[in-house]
Amino acid sequence: MELTVLGKYGPYPKAGDGAASGYLLTQGDTALVMDMGSGTLARLQQAIDIRKITGIFISHLHYDHTSDLLPLRYLLEEIEHTVTVYTAYSDSEWYKILFSPPNIKVINISSESRVKIGEFSLEFFDMKHSAPCLAARIEGEKTLVFTGDTMYNENIEKACEGADILLADCSKPEGFPGPHMNVSHAKAFSDRLGIKIISTHLSPDYDPSEEYKDYPDITVAEEMKTYVF
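As the structure is a computational prediction, the values presented were derived from the model and not from experiment. (Residues numbered from 1 in each chain as written. Predicted model: local features only at pLDDT ≥ 70, side-chain atom pairs only at ≥ 80, totals over all residues. Heavy atoms only, no water.)

S.K.: Sorry if this is basic, but what is going on with the overall build of the chain here?
M.R.: Of the regular secondary structure elements, the chain holds six helices and 14 strands. Here the C-alpha radius of gyration of the chain, 16 Å, is about what a compact globule of 229 residues would show, namely 17 Å. Principal-axis analysis of the C-alpha atoms gives the chain an extent of 50 × 35 × 35 Å. Here the chain, with 229 residues, has 55% of them falling under the buried criterion. Within the structure as shown, the chain displays about 10000 Å² of accessible surface, and the carbon and sulfur contribution to it stands at 47%. Across the chain, the 20 positively charged side chains and the 34 negatively charged ones have centroids separated by 1 Å. (Helix = DSSP H or I, 4+ residues; strand = E, 2+ residues; numbered from the N terminus. Rg over C-alpha atoms; globule rule 2.2 N^0.38 Å. Buried < 20%, exposed > 50% of the residue type's maximum accessible area, 1.4 Å probe, protein only. Areas by Shrake-Rupley, 256 points an atom, 1.4 Å probe, with all protein chains shown as cover. Lys, Arg positive; Asp, Glu negative; His and termini not counted. Charge placed at Lys NZ, Arg CZ, Asp CG, Glu CD.)

S.K.: So what exactly am I meant to see when it comes to empty space enclosed by the protein here?
M.R.: Rolled over the atoms, a probe sized like a water molecule indicates the empty space that remains. Tallied over the full model, the rule gives one cavity of 30 Å³ or more. In this structure, the largest cavity is lined by Ser21, Tyr23, His65, Phe146, Thr147, Gly148, Asp149, Ala168, Asp169, Thr200 and His201. Looking at the lining of the largest cavity residue by residue, the classes come out as three nonpolar, six polar and two charged. (1 Å grid on protein atoms, 1.4 Å probe; cavity = no way out; pocket = protein on both sides within 12 Å on 5 of 7 lines; lining within 4 Å. Points joined across faces, edges and corners; volume = space filled by probe spheres on them. Nonpolar A, V, L, I, M, F, W, Y, C, P; charged D, E, K, R; others polar.)

S.K.: Which parts of the structure should I look at to understand the sheet that holds strand β12 (residues 196–200)?
M.R.: The strands that make up a sheet are held in pairs by hydrogen bonds between backbone atoms, and each pair lies either parallel or antiparallel. Strand order in the open sheet formed by seven strands is β7-β8-β9-β10-β11-β12-β13, and the pairing between neighbours is mixed. Pairing within the sheet leaves two strands with one partner each, and these edge strands are β7 (114–117) and β13 (218–220). The average angle at which neighbouring strand axes cross in this sheet is 20 degrees, direction not considered. (Pairing = 2+ DSSP bridges. Axes fitted to C-alpha atoms, helices over the stretch in contact; angles between N-to-C directions.)

S.K.: Where do I start with the sheet that holds strand β3 (residues 30–36) in this structure?
M.R.: With respect to topology, seven strands assemble into an open sheet ordered β6-β5-β4-β3-β2-β1-β14, the strand pairing being mixed. This sheet does not close on itself; its edge strands, each paired only once, are β6 (104–108) and β14 (226–228). Neighbour-to-neighbour, the strand axes of the sheet open up by a mean angle of 25 degrees, direction not taken into account. Packing of helix α1 (residues 40–47) onto the sheet brings it into contact with β1 (2–7), β2 (22–27) and β3, and relative to β1 it is tilted by some 145 degrees. (Contact = heavy atoms within 4.5 Å.)

S.K.: Even after reading the chapter, I still don't get the environment of Leu3, so can you show me in this structure?
M.R.: Assignment of secondary structure puts Leu3 in strand β1. Put simply, Leu3 and Leu144 are 141 residues apart on the chain and 9.5 Å apart in space, counted from C-alpha to C-alpha. Setting aside its immediate chain neighbours within four residues, Leu3 contacts Tyr23, Leu24, Leu25, Met34, Leu144, Leu167, Ile198, Lys225, Thr226, Tyr227 and Phe229.

In short, shape yes, function no, at least from these values alone.
Take a look at the structure:
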């Protein structure tokens, strides 16, 4: 199982560099994209032929997780290819804009859903955010949990039972007022769960690396780095 970080920032990319949230998880012939924030489509094309994507999981509909689905529609039209997107239904104009193109096939999911995407088995957990958000537990040769965006909630630990890797929105500084986890949550997960953590969704002006110097199992996500598990 390999994870390539396409973008790690939110709610917008770092000046002159970086991209918003997006990840590519592969195993054998299976390629699962997780979120497509601004700047991720260019990097996704560097990493893989778009025709080889098995599916796309969208955790929630905030712009910094979905905006590159817009130019993706033009690319799909040009190469005459269709991709399947898994996401929760929303009765909103943004949902209609994102998922109405004929080259995007949408499958609506919820925390009750269980799906098979190539070699991966996925189940989903409701998160706590300013918009409805689903975490994904992805089982393959290893088990990875991707939180999407969230504040702390007990479903995170349920999703992580027996998992190997936690790709988590846990990179904000202490005292951050928004609906995200901070560095203390990452440390607490490391202490309690004994799980390898990739800390992501960084604020453009804050690097949490110094906070994790005594936590060898916590890694700050690096863009265009591929992690092999």
